[in-house]
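Chain residues, written in single-letter form:
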Amino acid sequence: MGIKDKAGKMQDQGKQKIREAQDQAKQRGQQTQERGRQMHDRGRQDMDDTEQEMRDRFNQDYDA
């Protein structure tokens with residue numbers, strides 16, 4: 001194997017590692033976006049629960 005062959009092979013390996021790193025970064029970005037959506041939805045649900053609890057307490061206080 002000549003020097004040119006080794007250099008070409010090493011270059012191809014480097015490009016492959018770069019592609020793999022880019023793919024991993026994209027996956028992490030997608031996971032982060034999904035987690036953000038889940039947290040947002042959970043926060044919205046908590047607010048809805050709180051409003052319902054307030055209405056229930058109000059109704060209990062004035063029904064008595």
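Quantities reported herein were computed from a predicted structural model and do not represent experimental measurements.

Engineer: Can you walk me through the overall build of the protein in this structure?
Structural biologist: If you tally the helices and strands in the protein, you get 1 helix and 0 strands. In terms of overall size, the protein is more extended than a compact globule, its C-alpha atoms giving a radius of gyration of 28 Å where 64 residues would be expected to give roughly 11 Å. Considering only C-alpha atoms, the protein reaches an extent of 95 × 10 × 5 Å along its principal axes. Of all 64 residues assigned to the protein, the portion counted as buried reaches 0%. Surface accessibility of the protein: about 6,400 Å² in total, with carbon and sulfur atoms responsible for 50%. Within the protein, one finds 14 positive and 14 negative side-chain charges whose respective centroids are separated by 20 Å.

Engineer: Mind showing me how you'd approach the environment of Gln 27 here?
Structural biologist: Turning to its location among the elements, Gln 27 is positioned in helix α1 (residues 3–63). Considered as a pair, Gln 27 and Gln 13 are 14 residues apart in the sequence and their alpha carbons are 21 Å apart.

Engineer: When you look at the environment of Gln 11 in this model, what are you seeing that I'm missing?
Structural biologist: Among the structural elements, Gln 11 can be located in helix α1. In this structure, the C-alpha to C-alpha distance between Gln 11 and Tyr 62, residues 51 residues apart in sequence, is 77 Å.

Engineer: Got a minute to help me understand the pattern of salt bridges in this structure?
Structural biologist: Oppositely charged side chains may form a pair once their charged atoms are brought near each other. The final tally for this structure, using the stated rule, is 2 salt bridges. Across the pair Arg 57 and Glu 53 runs a salt bridge, and its minimum N-O distance is 4.0 Å. Taken together, the residues span about one helical turn, with Arg 57 and Glu 53 both in helix α1 at a distance of 4 residues. Looking at Glu 53, the relative accessible area reads 43%, which means it is partly exposed.

Analysis parameters
- Residues numbered from 1 in each chain as written.
- Predicted model: local features only at pLDDT ≥ 70, side-chain atom pairs only at ≥ 80, totals over all residues.
- Heavy atoms only, no water.
- Helix = DSSP H or I, 4+ residues; strand = E, 2+ residues; numbered from the N terminus.
- Rg over C-alpha atoms; globule rule 2.2 N^0.38 Å.
- Buried < 20%, exposed > 50% of the residue type's maximum accessible area, 1.4 Å probe, protein only.
- Areas by Shrake-Rupley, 256 points an atom, 1.4 Å probe, with all protein chains shown as cover.
- Lys, Arg positive; Asp, Glu negative; His and termini not counted.
- Charge placed at Lys NZ, Arg CZ, Asp CG, Glu CD.
- Salt bridge = Lys/Arg side-chain N within 4 Å of Asp/Glu carboxyl O.

The analysis is restricted to geometry; functional conclusions fall outside its scope.
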